[in-house]
Structure formats: structure tokens, C-alpha cells
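An overview of the molecular structure
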Amino acid sequence: MIRSKLARRAAALGLFVLLVSLLPSEVVAQGAELGRQRLGRSYWHFFAAYLIVWALVFGWIVSIARRLRSVEDRLNADDLAK
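Residues numbered from 1 in each chain as written. Predicted model: local features only at pLDDT ≥ 70, side-chain atom pairs only at ≥ 80, totals over all residues. Heavy atoms only, no water.

Of regular secondary structure, the protein chain possesses four helices and zero strands. Starting at the N terminus, the α and β elements of the protein chain follow one another as α-α-α-α. Looking at the protein chain as a whole, 5% of its 82 residues qualify as buried. By element, 68% of the accessible surface of the protein chain is carried by carbon and sulfur atoms, the whole surface being about 7,800 Å². (Helix = DSSP H or I, 4+ residues; strand = E, 2+ residues; numbered from the N terminus. Buried < 20%, exposed > 50% of the residue type's maximum accessible area, 1.4 Å probe, protein only. Areas by Shrake-Rupley, 256 points an atom, 1.4 Å probe, with all protein chains shown as cover.)

This part is about a nonpolar patch on the surface. A contiguous nonpolar patch, built from Y43, F46, Y50, V53, W54, V57, W60, I61 and I64 and spanning about 1,000 Å² of accessible area, is present on the exposed surface. Mapping Y50 onto the fold places it in helix α4 (residues 44–81). (Patch = residues over 30% accessible without salt bridge, like charges linked within 9 Å, V, L, I, M, F, W, Y side chains within 5 Å. Salt bridge = Lys/Arg side-chain N within 4 Å of Asp/Glu carboxyl O.)

Turning to the confidence of the model for the protein chain, a few remarks are in order. Here the protein chain averages 78 in pLDDT, and 71% of its residues register 70 or above. Of all secondary-structure elements in the protein chain, the lowest mean pLDDT belongs to helix α2 (residues 25–29), at 52, while α4 reaches the highest, 91. (pLDDT = per-residue confidence, 0-100.)

Below, the structure is given as C-alpha cells:
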């Protein structure tokens, strides 16, 4: 049950990322002038920090889902044993 929910959420997120990536840069940047701006060399560490934080959050969510599945399996096994 959890796997199917997780799979549906992952598919929805993938679809969202795909749709956003297909938008023209002017729409995403909300203007032609903003669309011409690029990530400066001095700001690469902000991108790296956000990437690391998102990876940690995603890992934490996966860890919680695995532990929850383990608890549910143990509870179901106890119910079947009774």
C-alpha cells in the first residue's frame, strides 16, 4: 500500500518536473530580462547546499517510510498470530 502511494507521488513529481522543464525560460523566469541572468560563479555553493539539503530530506523521508512499513508488517503479523 505504501509502495503504491510512494510510486504515485514519485510519478506525479516526475511529471511536474517534466512539464516545468518544457516551459520556455521566459515563462519560468517571469520576464525576458530575468531569463538572461545566469547563476554567478560566486553562488555555486548555494546550489550545492540546496542540493545537499534536498537529498538529505528525501533520504529522511525514505527512511521514515521504510521504518513505518516495518512497523506495519510487525503489527499485521501480530494480528494474524492472534
